[in-house]
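# What the coordinates show
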Amino acid sequence: MKKVLLAIAENKLPESAFEFISRLNEINPLLLTGIFLREIIYIPDPAFSYYGMVSGAGHNAEAEAIVQKDIQRRTDWFEKACQKKHIEYRVHNDTDDLIVEALVKETRFADLLVVNAEAFYQLSELTEPEGYLKSILHLAECPVLIVPQKFSFPENIVLAYDGSASSVYAIKQFSYILNELCNKDVIVVHEAAANSEKIPDEALIEELAARHFNTPNLLMFHKHMMRLAEWVKVKQSAMLVTGSYSRSNFSEMFRKSFASKIIRDHKMPVFIAHK
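Because the structure is a prediction, the values reported are computed rather than measured.

## Side note on the overall build of the chain
On a plain count of helices and strands, the chain comes out with nine helices and 12 strands. For the chain, the residues scored as buried account for 53% of the 275 residues in total. Across the chain, the fraction of contacts at a sequence separation of at least 24, relative to all contacts at a separation of at least 6, is 78%. Accessible surface, the chain as shown: approximately 13,000 Å² in total, 51% of it carbon and sulfur.

## A word on helix α2 (residues 61-85)
Between its first and last C-alpha atoms α2 spans 36 Å; for 25 residues at 1.5 Å apiece the expected length is 36 Å, and the two agree. Listed as buried for α2 are A63, V67, D70, I71, R74, T75, W77, F78, A81 and C82. Directly after α2, the chain includes H86, whose backbone phi takes a positive value near 60°.

## Regarding the environment of Q173
Position of Q173 among the secondary structure elements: in helix α6 (residues 165-177). Of the residues examined, Q173 reaches a relative accessible area of 16% and is grouped as buried. On a C-alpha basis, the gap between Q173 and I272 in space is 9.2 Å, while along the polypeptide they are 99 residues apart. Those residues within four positions of Q173 in sequence are excluded, and the remaining contacts are P143, L178, F271 and A273.

## Some details on the packing of aromatic side chains
Summed over the entire model, instances satisfying the criterion amount to seven aromatic pairs. Geometrically, the ring pair formed by F36 and F78 is edge-to-face, given 5.6 Å between the ring centres and 80° between the ring planes. In this pair, F36 sits in strand β2 (residues 31-36) while F78 sits in helix α2, placing the two residues 42 residues apart along the sequence. F36 sits in the buried class, given a relative accessible area of 0%.

## Quick look at the nonpolar core
If you look at the biggest cluster of nonpolar residues, it comprises 44 residues, and the most contacted ones within it are L6, L32, V114, F174, L178, M239 and F271. Looking at this core element by element, the count peaks at six residues for α2. Apart from residues no more than four positions distant in its own chain, F174 is found in contact with I157, N179, L181, C182, F213, M239, V241 and F271. Counting 34 residues, the second largest nonpolar core, distinct from the first, contains A117, I136, A160 and M268.

## Remarks on the confidence of the model for the chain
The predicted model of the chain averages 78 in pLDDT, with 72% of residues at 70 or higher. Low pLDDT, under 50, characterises residues 124-129; the predicted model gives this stretch nine contacts beyond four residues in sequence or across chains.

## Structural notes on the environment of L219
Structurally, the position occupied by L219 is in strand β10 (residues 214-221). What makes L219 partly exposed here is its relative accessible area of 28%. In this structure the C-alpha to C-alpha distance between L219 and V188, which are 31 residues apart in sequence, comes to 6.3 Å. Each residue touching L219, except ones within four places of it in the same chain, is listed here: I187, V188, V189, H190, I199 and W231.

## Re the pattern of salt bridges
The final tally for this structure, using the stated rule, is six salt bridges. Across the pair D70 and R73 runs a salt bridge, and its minimum N-O distance is 2.8 Å. Linking D70 with R73, this pair stays in helix α2, spanning three residues, or about one helical turn. You can call R73 partly exposed: its relative accessible area is 36%. When salt bridges with common partners are traced through the structure, they connect D70, R73 and R74 into a single cluster.

What counts, and at which threshold
Residues numbered from 1 in each chain as written. Predicted model: local features only at pLDDT ≥ 70, side-chain atom pairs only at ≥ 80, totals over all residues. Heavy atoms only, no water. Helix = DSSP H or I, 4+ residues; strand = E, 2+ residues; numbered from the N terminus. Buried < 20%, exposed > 50% of the residue type's maximum accessible area, 1.4 Å probe, protein only. Contact = heavy atoms within 4.5 Å. Areas by Shrake-Rupley, 256 points an atom, 1.4 Å probe, with all protein chains shown as cover. Expected span 1.5 Å × (residues − 1). Phe/Tyr/Trp six-rings, centres within 6.5 Å; stacked < 30°, edge-to-face > 60°. Core = buried A, V, L, I, M, F, W, Y, C linked by side-chain atoms within 4.5 Å. pLDDT = per-residue confidence, 0-100. Salt bridge = Lys/Arg side-chain N within 4 Å of Asp/Glu carboxyl O.

As structure tokens, this is what we get:
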């Protein structure tokens, strides 16, 4: 049994992320922990002509009452949803104002963190759209699964491989943590910088993938071929597995135009792992 975290930090409840977890639980029962992070909210400040930003206790009684009411609303939803789906669960709502730090600490004691991308986009109007999400992807001490608002449960697993230790680590972590999905159709993809470039350590990655997945196919993408992101977009019910997000040892293709674009556009579930 694995321990999975669900970050519940947005005004709109993470129903799609919960549905994905529910499907996993049907295949292999798990322990789900709901992390109820304090919202960043806005309340009128009588001393000024604008709204003040508040993110938890220690500001004033009015703000704290709003925060606690919202946490209770999300907690009630989570408990009822888990009971309905027969999921073993825990509730952690003792986080403080340090939103990212609190969530990162929780990841140290979990196998997988599941988030709705939209949850982090909407968490604060004062940050760039991917600000909190990028922080979590950098700092999380367990793999992160990003679930779009609309998704199909994966029937195709796309393993992004660029020859780096990071990409291989992500593939192995996926096979260990979400082994119930390893019987799906699996494709290992690598985009070459030139037509003459070979897949790095092709025999080794093929040996590894064949031990954990259902008959993997190695695909080579050249510049003159359909772009990899476009190919992924047309795959039905696909899920992407990728290594470090925006790390220097990850290729330009995956860092700037592949994983980040798919996350931003909510194309498919994305599993991200780094050491």
